[in-house]
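# Fold and contact review
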Amino acid sequence: MSNINRKKDALNYHAMGRPGKIAVVPTKPHSSQRDLSLAYSPGVAEPCLAIAENNEDAYKYTAKGNLVAVISNGTAVLGLGDIGAQAGKPVMEGKGLLFKIFADIDVFDIELDTKNVDEFVNIVKALEPTFGGVNLEDIKAPECFEIERRLKAEMNIPVMHDDQHGTAIISGAALINACELQGKNIADVKIVVNGAGAAAISCTAMYVAVGASKENIVMLDSKGVIRNDRESLDPTKAEWATNRDIHTLADAVNGADVFIGLSAADVLTPEMLKTMAPKPIVLAMANPNPEIAYELAVDTRDDIIMGTGRSDFPNQVNNVLGFPYIFRGALDVRATAINEEMKIAAVKAIAELAKQPVPEEVNIAYNTNNLRFGIDYVIPKPTDPRLITEVSVAVAKAAIESGVARKVIEDWDAYRDELRKRLGKDDRLVRTMTAKAKSNPKRVVFAEADNYKTLRAAQIVKEEGIAFPILLGNQEKINGLIKEYGFELDGVQIIDPQAEIKSDRFEKYADHLYNKRQRRGINKLDSRKLMTNRNYFAASMVEFGEADTLISGLTRNYASTIRPALQVIGAKPGSRVAGMYIMLTSQGPLFFGDTTVNANPTAQELADISVLLDAAVRRFNIKPRIAMLSYSNFGSNDGDISDKVRDAVKILHKEHPEIVADGEIQANFALNKNLLADNFPFSTLNGEPANTLVFPNLESGNIAYKLLQEVGNAEAVGPVLLGMNKPVHVLQLDSSVREIVNMVTIAVVDAIEHEKESQNK
């Protein structure tokens with residue numbers, strides 16, 4: 001990706017809609033005058049008086065118990081250095097976003113315009129009544145050590161500098177497991193740490209805390225090996241100085257078992273790697289480019305365990321495996337600190353989790369069925385939903401056992417259930433699907449490539465490794481747009497169906513269409529004329545295996561886009577075609593159908609649509625709970641629609657008793673498990689809310705998803721076309737670039753599933 005495009009994308013992302021990445025959202029009713037009088041004066045006086053009498057009541061009556069401050073002075077922002085407090089604000093907002101989506105922790109980001117340690121400490125200390133915890137971020141060494149030390153000593157809430165301890169915790173877990181896999185005792189391994197900043201110092205201390213021997217560790221900074229005889233040695237570095245007669249990185253790694261990289265790209269050469277001990281462990285964590293490239297390292301040593309900070313290679317050392325869950329556990333027991341016991345508990349929990357059987361949704365995300373503890377899987381993946389339960393529980397237990405918890409959890413099973421429920425409030429579904437698509441990208445035909453949005457989306461999916469785009473349209477126009485907007489689409493195939501008229505491929509496509517539709521009003525001349533239409537040509541490419549899936553519909557109405565696919569490819573034998581929308585809501589994903597194809601389905605057709613939806617939802621590793629909607633509840637009203645839905649449920653229960661479905665039912669009862677249990681305890685949907693909604697006709701489904709999208713702030717992904725013999729997906733008219741990328745991701749995952757099905761036949 002060019003620097004120009006990366007800059008443009010980043011600025012557009014942060015500026016679009018409401019600027020920034022986080023916002024304050026009311027959590028209590030506020031629509032009436034009574035609500036406002038309770039929220040503020042005079043009602044608010046009561047919790048104020050309660051807290052004045054007992055400070056611990058702040059956790060009961062305010063957001064303190066779920067609120068973390070992300071605080072920085074902007075002196076060490078990412079790899080950008082000292083760019084100032086205000087310039088570092090986007091990073092702090094981003095950290096807040098990660099806290100929220102991975103652990104449901106609310107955040108205020110605070111940027112302090114001071115480099116004075118005393119001033120920084122005094123300001124943060126004064127904020128203690130507001131927050132349940134403090135995450136220090138992007139503060140340069142050595143000041144960061146003193147700031148954290150003093151705040152931990154002087155504050156009565158958890159404080160952690162994640163730049164130090166996050167990497168230490170995750171890499172510590174990786175080191176423990178890598179040593180086990182390589183058959184090495186961590187107490188005996190010789191470790192080289194290249195880098196001497198805050199993260200390197202903290203990592204090294206953590207390795208000693210989990211069993212490494214201090215005398216076996218060598219640390220280097222930009223001047224070389226840190227030795228005892230160096231003049232003016234910083235105290236934080238002096239602790240790790242050696243008196244061995246070694247001076248360079250090449251000297252240090254000779255015979256070493258472990259290389260820890262927290263420095264710069266490409267400093268570890270293949271020649272150096274060859275001198276390391278048998279079965280070496282390399283954690284090269286410089287970003288975006290590690291100290292030695294992953295492919296180069298594994299090509300140089302076939303006995304290596306290699307980890308990096310990157311998501312596109314095995315063994316990613318990523319702080320997001322730790323900090324959200326560490327703070328979650330600390331907050332939930334109202335800890336007064338994050339101590340060494342809690343950090344070591346997190347290390348051990350992460351290490352142990354990698355040894356457990358991997359959940360199917362993680363395998364799905366990485367397009368494998370055999371992800372297991374081994375040289376390419378020494379730590380869990382960031383998408384693993386068990387991190388919140390395993391790490392947070394371990395941290396909470398360690399806080400209680402070490403005496404820093406003010407609240408004791410007695411029912412750990414109930415606590416785990418509470419943690420799991422927090423995971424339903426984000427877009428994990430899209431993240432999981434993206435990871436799966438990246439693991440096995442497919443060829444995607446973009447039928448409307450002479451459009452800015454289409455080309456922008458094509459560039460994104462190409463850069464992200466989601467898909468291999470094929471562009472259809474006038475080559476001159478497409479190339480003109482690529483040049484005008486600076487898109488990087490080198491090597492991407494551009495095909496103009498108009499220019500293909502004399503080709504063998506065109507004849508093959510036209511003959512196929514004629515043979516399929518000759519008894520449906522299409523003659524040879526018609527088939528040739530239709531094949532110059534990009535939607536017909538794209539569908540033919542998929543039909544003949546020259547592409548894996550197609551995307552279209554940005555500039556055409558739904559009917560004119562789907563018709564070519566139905567005529568060229570058609571439905572699966574014995575199947576019906578239907579459209580499904582995935583609605584990403586604050587309560588988790590909902591699946592709607594049919595929203596695009598069948599205008600007024602019969603009872604049998606509604607049952608068939610339900611079967612399609614059931615299979616589609618299962619592909620996302622979600623157990624479908626289908627509510628067949630009407631204005632009636634289980635016979636409470638008669639009428640054409642309620643009778644039809646009632647009959648559809650009978651058909652579905654008879655033909656597919658294994659499917660969890662019920663109706664006819666109103667939407668509020670389907671989505672509110674307490675309302676359903678109180679009024680209709682006999683329903684097969686009792687226990688949990690429905691997650692898949694079948695609408696009685698196209699009109700109601702279309703209205704429902706658009707209302708939820710506009711008023712309910714749900715993100716719509718779709719329409720996903722179900723029942724086709726090969727993967728085809730049609731966009732909403734005038735979709736955004738983000739929506740196109742989401743649909744391409746779904747299309748690639750669909751193509752992966754079609755490929756599996758064909759291989760299993």
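Everything numeric in this text was worked out from a predicted model, so none of it was measured. (Residues numbered from 1 in each chain as written. Predicted model: local features only at pLDDT ≥ 70, side-chain atom pairs only at ≥ 80, totals over all residues. Heavy atoms only, no water.)

### Some points on the sheet that holds strand 11 (residues 442–446)
Strand order across the open sheet formed by five strands is 13-12-11-14-21, with parallel pairing between neighbours. On the outer flanks of this sheet lie strand 13 (493–495) and strand 21 (728–730), each paired with one strand and no other. The average angle at which neighbouring strand axes cross in this sheet is 25°, direction not considered. In the sheet, strand 14 (residues 549–552) pairs with strand 21 via three bridges, with the strands oriented parallel. The residue bridging Ile551 from the neighbouring strand is His729, located in strand 21. Each of strand 12 (467–472) and strand 13 is contacted by helix 21 (residues 475–485), which is oriented at about 140° to strand 13, the strand it contacts most. (Pairing = 2+ DSSP bridges. Helix = DSSP H or I, 4+ residues; strand = E, 2+ residues; numbered from the N terminus. Axes fitted to C-alpha atoms, helices over the stretch in contact; angles between N-to-C directions. Contact = heavy atoms within 4.5 Å.)

### Focus on the environment of Lys279
Mapped onto the fold, Lys279 is located in the loop between helix 12 (270–274) and strand 9 (281–284). When residues no more than four places from it in sequence are discounted, the contact partners of Lys279 are Gln182, Lys184, Arg301 and Asp303.

### What about the nonpolar core?
Judged by nonpolar contacts, the single largest core of 100 residues is most densely connected at Ile71, Val134, Leu136, Ile191, Met342, Ile379 and Val391. Leave out the neighbours within four places in its chain, and Val391 touches Leu321, Tyr325, Ile326, Ala346, Ala349 and Ile350. By size, the runner-up hydrophobic cluster in this structure holds 62 residues, among which are Leu471, Ile478, Ile494 and Ile752. (Core = buried A, V, L, I, M, F, W, Y, C linked by side-chain atoms within 4.5 Å. Buried < 20%, exposed > 50% of the residue type's maximum accessible area, 1.4 Å probe, protein only.)

### A word on the state of the cysteines
The final tally for this structure, using the stated rule, is zero disulfides. Distance from the sulfur of Cys179, which forms no disulfide, to the nearest cysteine sulfur (Cys203) is 14 Å. Relative accessible area serves as the criterion here: at 1%, Cys179 is assigned to the buried category. Its sulfur unpaired, Cys203 is 12 Å from the next cysteine sulfur, which belongs to Cys144. (Disulfide = S-S within 2.5 Å.)

### What about the sheet that holds strand 4 (residues 159–161)?
Spatial strand order, 2-1-3-4: four strands in an open sheet with parallel pairing. Each end of this open sheet is capped by a strand with a single partner; those strands are strand 2 (106–111) and strand 4. Taking each pair of neighbouring strands and ignoring which way they run, the sheet shows an average axis angle of 20°. Sheet topology note: the strand 1 (residues 67–72)/strand 2 ladder contains six bridges and is parallel.

### Topic: unusual backbone geometry
Put simply, Ala141 and Pro142 share a cis peptide bond, and its omega is 5°. Not every positive phi belongs to a glycine, and Asp266 is a case in point at roughly 65°. Here Asp266 is to be found in the loop between strand 8 (258–261) and helix 12.

### Some points on the packing of helix 8 (residues 162–181) against helix 15 (residues 340–353)
Helix packing for two helices is described by the angle between their axes and how far apart those axes are. Contact pair helix 8 / helix 15: the axes reach a minimum separation of 8 Å and the direction vectors enclose 45°. Between helix 8 and helix 15, the interaxial angle falls into the category oblique. The two elements helix 8 and helix 15 cross, and the hand of that crossing is right-handed. Contacts between helix 8 and helix 15 involve His165, Ile169, Ile170, Gly172, Ala173, Ile176 and Asn177 from the former and Lys343, Ala346, Val347, Ile350 and Ala351 from the latter. For the contact of helix 8 with helix 15, the per-class residue count stands at eight nonpolar, three polar and one charged. (Parallel < 35°, antiparallel > 145°, perpendicular 65-115°, else oblique. Left-handed = near helix turned anticlockwise from the far one by under 90°. Nonpolar A, V, L, I, M, F, W, Y, C, P; charged D, E, K, R; others polar.)

### Overview of the pattern of salt bridges
The full count for this structure, using the stated rule, is 47 salt bridges. The residue Lys95 makes a salt bridge to Asp162 at a minimum N-O spacing of 2.8 Å. Remark: Asp162 occurs in helix 8 and Lys95 occurs in helix 5 (residues 89–103); sequence separation between them is 67 residues. Asp162 carries the same exposure label as Lys95, and that label is buried. (Salt bridge = Lys/Arg side-chain N within 4 Å of Asp/Glu carboxyl O.)

### Describing the environment of Tyr207
Here Tyr207 is to be found in helix 9 (residues 198–209). Given a relative accessible area of 0%, Tyr207 falls into the buried group. Considered as a pair, Tyr207 and Gly687 are 480 residues apart in the sequence and their alpha carbons are 46 Å apart. Filtering out sequence-adjacent residues up to four positions away, Tyr207 remains in contact with Ala168, Ser171, Gly172, Leu175, Ala212, Ile260 and Met285.

### Some words on the side chain of Ser540
Note on placement: Ser540 falls in helix 24 (residues 534–543). Overall, the relative accessible area of 1% leaves Ser540 in the buried class. A polar contact is formed between the side chain of Ser540 and the backbone oxygen of Tyr536, at a distance of 2.9 Å. Residue contacts for Ser540: discarding those within four places in its chain leaves Tyr509, Met531 and Val568. (Polar contact = N/O pair within 3.5 Å; in protein donor to acceptor, adjacent residues only side chain to side chain.)

### Concerning a nonpolar patch on the surface
Taken together, the side chains of Leu78, Leu80 and Ile83 make up a nonpolar region of the molecular surface, amounting to roughly 300 Å² of accessible area. Tracing the chain through its elements places Ile83 in the loop between strand 1 and helix 5. (Patch = residues over 30% accessible without salt bridge, like charges linked within 9 Å, V, L, I, M, F, W, Y side chains within 5 Å. Areas by Shrake-Rupley, 256 points an atom, 1.4 Å probe, with all protein chains shown as cover.)

### Looking at the packing of helix 14 (residues 323–332) against helix 18 (residues 412–422)
At a minimum axis separation of 13 Å, helix 14 and helix 18 run at an interaxial angle of 130°. In terms of orientation, helix 14 lies oblique with respect to helix 18. Considering the relative orientation of helix 14 and helix 18, their crossing is right-handed. On helix 18, the residues that touch Arg328, Gly329 and Asp332 of helix 14 are Tyr415, Leu419 and Arg422.

### What to know about the packing of aromatic side chains
Inspection of the entire model under this criterion finds 17 aromatic pairs. Seen in terms of ring centroids, Phe108 and Phe131 are 6.2 Å apart; in terms of plane orientation they differ by 80°. Their pairing is edge-to-face. One end of the pair, Phe108, is in strand 2; the other, Phe131, is in the loop between helix 6 (117–126) and strand 3 (133–136), and 23 residues separate them in sequence. Owing to a relative accessible area of 36%, Phe108 belongs among the partly exposed residues under this scheme. (Phe/Tyr/Trp six-rings, centres within 6.5 Å; stacked < 30°, edge-to-face > 60°.)

In short, the description is geometric, and any link to function would need to be established separately.
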